[in-house]
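# Structural features, examined
Chain by chain, the residues:
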Amino acid sequence: MALRKENILIVDDDIDILELLQRHLKSMNYHTYKAISVKEALFILKDTFIDLLITDIQMPEIDGLQLLKFTNEHYPQMPKLVVTGYPSVNGALQVIQSGAMDYLTKPFTKDELKEGIEKAFAHGVERAMAKPKTATFKNNPYADMVGESSAFHKVIHIVERVKDNMATVLIQGESGTGKELVARAIHYSGTFSRKPFIAVNCGAIPENLQEAELFGYMKGAFTGADQNRNGFFQAAQGGTLFLDEIGSASLAVQTKLLRALQEKEITKVGSQKAEKVNIRIIAATNANLLEDIKNNNFRQDLFYRLTVVEIHVPPLRERKSDIPLLVEKFLRKYGVEYKDRLLRITPEVLRILERYNWPGNIRELENIVQRMVIMSDGILEVKDVPDFLKYKIDFPESGFLSLREMEKKYIQRVLIHTQANKTKAAEILQIDRKTLRSKI
Ligand SMILES: Nc1ncnc2c1ncn2[C@@H]1O[C@H](COP(=O)(O)OP(=O)(O)OP(=O)(O)O)[C@@H](O)[C@H]1O
Ligand SMILES: [Mg+2]
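Residues numbered from 1 in each chain as written. Chains lettered and ligands numbered in written order. Predicted model: local features only at pLDDT ≥ 70, side-chain atom pairs only at ≥ 80, totals over all residues. Heavy atoms only, no water.

Our focus in this paragraph is the overall build of the chain. When helices and strands are counted, the chain shows 19 helices and 14 strands. Of the contacts formed within the chain by residues at least 6 apart in sequence, a portion of 68% connects residues at least 24 apart. Of the accessible surface of the chain, which amounts to about 23,800 Å², a share of 51% is contributed by carbon and sulfur atoms. (Helix = DSSP H or I, 4+ residues; strand = E, 2+ residues; numbered from the N terminus. Contact = heavy atoms within 4.5 Å. Areas by Shrake-Rupley, 256 points an atom, 1.4 Å probe, with all protein chains shown as cover.)

Structure below.
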């Protein structure tokens, strides 16, 4: 006999099913909460500790998939059981499998329900036990980031420090290292996770529109401004504004940004009135801002305001011990997406991946794994690896190569990269095709 009655939240737009589930659950000695919509379920989740979620998929307005995505992000440890009429509709099966959830097809008997619940609880326990092994951060409800290198742990350590306060953060790192993911981890693992997270790519907004987009504008402020409008700052109230590629912010925006950070207020374009804003700003850049400051493209005073907390996300080549976990994660993701199952990889392939330098960082690794999953049939083998990854110049352990031998190896490497296309190879080597041919 359980000492404590478990709380089960049941979500279904069909009242008859809700009643039926409640009757069954009561007789099994569980305590139930009922919601006839996702909206209502979210209210209950907010102030109740729920031990198990049982939800339907097809519901008007917001469907069960959205609820599952939300709970996977915010309550990854919570066991879930999906009860649905048509598990194959709208990618439902994928979501269920990717979240390793149990499901039950309608109609079901009481015994099937009982078995489903027991399985879901058992899997929940497994998940909780397996957690520390996958080395995401401690108690992290945002389980999307993986890594186990000390460099990765350093980043996570800072995330833990800043997630619950409003300190401004500047995230620096090469392209594809995971800067945006770090920003999301700060927001979604912290106190303000239920407030908005607004991501703005400054590099994608033309300079002359940046001010209006960020701070909003008044009717008549410029041609086309036919009504008052709030900007991203207002949209992020109480939460996080993520300013990606901050180096692309216009100087006018930089000036306003500085004021927003200092005074915690903004003014809309065309307005005189200051408005209070209470948000956390996380900025990111893959550019060298110090260089921009020297060239008068970035305000030094703004730079110091932004760097209250600095996070440097190291390139993948400096934390290669993260590669196995990352590969495992992407294998799972793309295996489910393209092949409807989990795929495996041979140790040789993993070694090749660990040897490569990854100039495009984690994004490049993700693309390569995706490509291999699409091409393979079952187990990823050496034959599925793109050629340019396989080839490595073997320097002798001791002694040296002659220039001639070195040149030969290097030309081979370029030819493998261009898939024996001599024109392209000549272009890379910056020699003409005739010279290349004679060398070959
Ligand atoms: N630690 C991690 N674990 C799992 N996936 C990761 C991790 N870091 C990055 N990724 C994945 O790698 C990809 C690139 O990450 P992200 O977009 O955050 O990089 P970025 O630094 O913002 O790149 P850019 O400068 O090009 O915008 C994304 O698909 C992201 O999910
Ligand atoms: Mg980015």
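Membership of the largest hydrophobic core comes to 29 residues, with the highest contact counts inside it found for Phe-233, Leu-241, Leu-243, Ile-246, Ile-281, Phe-298 and Leu-306. Secondary structure elements with two or more residues in this core: β7 (197-201), α8 (207-215), β8 (240-244), α10 (251-263), β11 (280-285), α11 (289-294) and α12 (300-306). Residue contributions to this core peak at five residues, all from α10. Once residues lying within four places of it in the same chain are set aside, the contact partners of Phe-298 are Ile-246, Gly-247, Gln-254, Leu-289, Asp-292, Ile-293, Phe-303 and Leu-306. (Core = buried A, V, L, I, M, F, W, Y, C linked by side-chain atoms within 4.5 Å. Buried < 20%, exposed > 50% of the residue type's maximum accessible area, 1.4 Å probe, protein only.)

Judged by side-chain charge, Asp-111, Glu-112, Glu-115 and Glu-118 come together as a negatively charged surface patch. With respect to the element layout, Glu-112 can be found in helix α5 (residues 110-130). A relative accessible area of 38% means that Glu-112 is categorised as partly exposed. (Patch = residues over 30% accessible without salt bridge, like charges linked within 9 Å, V, L, I, M, F, W, Y side chains within 5 Å. Salt bridge = Lys/Arg side-chain N within 4 Å of Asp/Glu carboxyl O. Lys, Arg positive; Asp, Glu negative; His and termini not counted. Charge placed at Lys NZ, Arg CZ, Asp CG, Glu CD.)

This structure, assessed with the given rule, holds nine aromatic pairs. Plain terms: the ring middles of Tyr-356 and Phe-388 are 5.8 Å apart, the flat faces sit at 75 degrees to each other, and that makes the pair edge-to-face. Placement of the pair is Tyr-356 in the loop between α14 (347-355) and α15 (361-375) and Phe-388 in helix α16 (residues 387-390), with a sequence separation of 32 residues. Given a relative accessible area of 13%, Tyr-356 falls into the buried group. (Phe/Tyr/Trp six-rings, centres within 6.5 Å; stacked < 30°, edge-to-face > 60°.)

On to the site of ligand 1, then. Around ligand 1 sit 19 residues, and of these Ser-175, Gly-176, Lys-179, Arg-363 and Glu-366 come closest. A distance of 2.9 Å separates an oxygen atom of ligand 1 from a polar backbone atom of Gly-176. The contact in question runs from an oxygen atom of ligand 1 to an N or O atom on the backbone of Glu-180, over 3.1 Å. Within the complex, the protein chains bury 85% of what would otherwise be the 640 Å² of accessible surface of ligand 1. Of all the secondary structure elements, the ones that give two or more residues to the shell around ligand 1 are α7 (179-189), α13 (323-339) and α15. Its residues assigned to classes, the shell around ligand 1 comprises seven nonpolar, five polar and seven charged. Looking at which domains feed residues into the shell around ligand 1, each of domain 2 (150-314) and domain 3 (317-390) gives three or more. (Near = heavy atom within 4 Å. Polar contact = N/O pair within 3.5 Å; in protein donor to acceptor, adjacent residues only side chain to side chain. Nonpolar A, V, L, I, M, F, W, Y, C, P; charged D, E, K, R; others polar. Domains from an automatic or database assignment.)

On to the UniProt feature "modified residue: 4-aspartylphosphate" (unreviewed entry) in the chain, then. When the UniProt feature table is mapped onto this chain numbering, "modified residue: 4-aspartylphosphate" (unreviewed entry) sits at Asp-56. With residues near it in sequence (within four places) discarded, Asp-56 still touches Val-11, Asp-12, Asp-13, Gly-64, Val-83, Thr-84 and Lys-106. (UniProt positions renumbered as here; feature names shortened; annotations may be inferred.)

Below, the discussion takes up the environment of Glu-337. Mapped onto the secondary structure, Glu-337 falls in helix α13. C-alpha of Glu-337 to C-alpha of Ile-374: the two residues are 37 residues apart in sequence and 9.7 Å apart in space.

With 13 residues, α10 extends 18 Å between its outermost C-alpha atoms, agreeing within 8% with the 18 Å of an ideal straight helix rising 1.5 Å per residue. Inspection of α10 places Val-253, Gln-254, Lys-256, Leu-257, Leu-258, Ala-260 and Leu-261 among the buried residues, and these make up the whole buried set. Backbone geometry just downstream of α10 places Lys-264 in the positive-phi region, at approximately 60 degrees. (Expected span 1.5 Å × (residues − 1).)

Attention now goes to the pattern of salt bridges. Across all of its chains, the model carries 18 salt bridges by this definition. The residue Arg-317 makes a salt bridge to Glu-174 at a minimum N-O spacing of 2.6 Å. On the criterion of sequence distance, the pair formed by Arg-317 in the loop between β12 (309-312) and α13 and Glu-174 in the loop between β6 (169-172) and α7 is long-range, its members being 143 residues apart. Glu-174 gets classed as partly exposed once you look at its relative accessible area, which sits at 30%. The closest approach of N and O atoms between Lys-256 and Glu-211, which form a salt bridge, is 3.3 Å. Pair noted here: Lys-256 is in helix α10 and Glu-211 is in helix α8, with a separation of 45 residues, a long-range link. For Glu-211, a relative accessible area of 26% corresponds to the partly exposed category. Each of Asp-12, Asp-56 and Lys-106 takes part in one network of salt bridges that share partners.

Moving on: the packing of helix α6 (residues 150-162) against α7. It is at 9 Å that the axes of α6 and α7 come closest, and there the two elements cross at 40 degrees. In terms of orientation, α6 and α7 fall into the oblique class. Two packed elements cross with a definite hand, and for α6 against α7 that hand is right-handed. Each of Val-155, Val-159 and Val-162 in α6 lies in contact with α7, whose residues at this interface are Val-182, Ala-185, Ile-186 and Ser-189. For the contact of α6 with α7, the class distribution of residues is six nonpolar, one polar and no charged. (Axes fitted to C-alpha atoms, helices over the stretch in contact; angles between N-to-C directions. Parallel < 35°, antiparallel > 145°, perpendicular 65-115°, else oblique. Left-handed = near helix turned anticlockwise from the far one by under 90°.)

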